[in-house]
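A closer look at the structure
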Amino acid sequence: MKKTLIAALALATGAAFAYPDKPITIVVPFAAGGPTDKVARDLAEALRKPLGNATIVVENVGGAGGTLGAAKVAKAAPDGYTLLLYHIGMATSATLYRNLPYKTLDDFEYLGMVNDVPMTLIGRSTLPANNYAELVKWLGDNKGKVNLANAGLGAASHLCGLLFQQKIGIDMATIPYKGTAPAMTDLIGGQVDIMCDQTTNTTPQIEGGKVKAYAVTTPQRLTTPALKNLPTLDESGLKGFNVSIWHGLYAPKGTPAAITDKLNAAMREALKDAEFIKRQEALGAVIVTDDRLTPAGHRKFVAAEIDKWGAAIKAAGQYAD
Ligand code: ASP
């Protein structure tokens with residue numbers, strides 16, 4: 001008899017049941033080494049103890065703005081051994097992709113949200129512009145020649161880059177990658193010019209002088225030492241610019257409540273883990289402590305985000321098939 005069936009029978013009969021009793025996989029729908037991957041690996045580490053020293057592995061399934069990885073988890077066995085860590089793309093893809101192979105609100109169990117992460121507007125280190133005003137001038141002087149990197153339609157870098165282009169009224173050629181980790185490699189190498197990316201990926205590169213940083217996407221300046229001198233896009237003239245990226249954890253629909261409850265309880269423990277908090281805060285992330293940490297609060301928030309970004313995407317008329 002398959003182990004999952006034994007677990008289901010044990011649950012049905014109320015018999016003692018041990019979860020997890022084999023490795024858990026967290027699917028990250030972007031390339032390894034990128035911002036979402038970093039959040040997932042830190043979370044996996046923090047979840048180990050509350051899940052009885054479980055083995056938790058991260059699997060990177062990048063492509064199509066994160067929807068390939070999400071589709072994989074939507075179709076996985078609902079046994080608690082395949083989970084998804086996805087960001088705001090979970091909500092934007094619901095409108096952006098006309099043929100999404102899963103229903104965002106119906107095909108997953110919502111386990112709780114992890115963090116909010118600001119983004120930064122960065123450029124290659126050889127770019128002549130040294131501040132935001134110089135960047136906008138340079139972009140205007142180089143119309144038709146600038147390359148903007150992103151992690152595909154529906155990725156945070158796509159969303160942020162799209163809003164930035166709309167607000168300054170300059171279109172750029174966008175170069176999609178399977179995640180902003182490979183995009184960052186090309187930005188550092190000078191093959192692309194600019195990118196909008198989460199602080200969880202950009203902070204070390206800004207600190208190390210590998211890229212130029214121009215602004216942050218949140219309405220308030222950040223407190224992280226490496227980022228605290230950066231102006232906001234809002235104060236730089238793009239009034240109302242506000243993009244913050246959140247991450248949540250999901251299981252396939254139908255995962256038994258005994259397992260989702262255990263995962264939610266483990267998440268609450270993990271999010272209080274001092275080392276997790278320290279690592280995340282150093283990268284500019286803010287740990288979720290509000291109602292979005294409950295499965296119902298998480299789902300409600302994603303539903304609101306689908307409406308919010310859906311309206312903007314429809315207004316822009318940008319869709320993917
Ligand atoms: N989160 C993506 C990554 O990890 C990047 C993005 O959304 O733009 O690569």
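See the structure printed just above.
Residues numbered from 1 in each chain as written. Predicted model: local features only at pLDDT ≥ 70, side-chain atom pairs only at ≥ 80, totals over all residues. Heavy atoms only, no water.

Another point: the packing of aromatic side chains. Summed over all chains, the structure comprises seven aromatic pairs. Relative to Y250, the ring of Y110 has its centre 5.0 Å away and its plane inclined at 80°; by these criteria the two rings are edge-to-face. Taken as a pair, Y110 in strand β4 (residues 108–124) and Y250 in strand β9 (residues 244–252) lie far apart in primary sequence, 140 residues in all. We note that Y110, like Y250, is buried. (Phe/Tyr/Trp six-rings, centres within 6.5 Å; stacked < 30°, edge-to-face > 60°. Helix = DSSP H or I, 4+ residues; strand = E, 2+ residues; numbered from the N terminus. Buried < 20%, exposed > 50% of the residue type's maximum accessible area, 1.4 Å probe, protein only.)

L47, F108, L139 and F164 are the most contacted members of the largest nonpolar core, which totals 88 residues. The dominant element in this core, judged by the number of residues it contributes, is β4, at eight residues. Apart from residues no more than four positions distant in its own chain, L139 is found in contact with V146, F164, I168, I170, M172 and I194. Counting 14 residues, the second-largest nonpolar core is a separate cluster that includes A149, L187, V211 and L227. (Core = buried A, V, L, I, M, F, W, Y, C linked by side-chain atoms within 4.5 Å. Contact = heavy atoms within 4.5 Å.)

Turning our eyes to something else, we now look at the state of the cysteines. In the structure shown here, the tally under the stated rule is one disulfide. C160 shares a disulfide with C196; S-S distance 1.9 Å. On the criterion of sequence distance, the pair formed by C160 in helix α6 (residues 156–168) and C196 in strand β7 (residues 194–198) is long-range, its members being 36 residues apart. On the basis of relative accessible area, C196 is assigned to the buried category, the value being 1%. (Disulfide = S-S within 2.5 Å.)

Close contacts around the ligand come from F30, P35, T36, H87, A151, A155, A156, S157, G179, T180 and Q198, and that covers them all. In this structure, S157 approaches the ligand through a side-chain N or O atom, which is 2.5 Å from an oxygen atom. One of the side-chain nitrogen or oxygen atoms of Q198 is found 3.3 Å away from a nitrogen atom of the ligand. The protein chains hide 100% of the 270 Å² of surface that the ligand would expose on its own. Mapped by element, the contributors of at least two residues to the shell around the ligand are α2 (35–48) and α6. (Near = heavy atom within 4 Å. Polar contact = N/O pair within 3.5 Å; in protein donor to acceptor, adjacent residues only side chain to side chain. Areas by Shrake-Rupley, 256 points an atom, 1.4 Å probe, with all protein chains shown as cover.)

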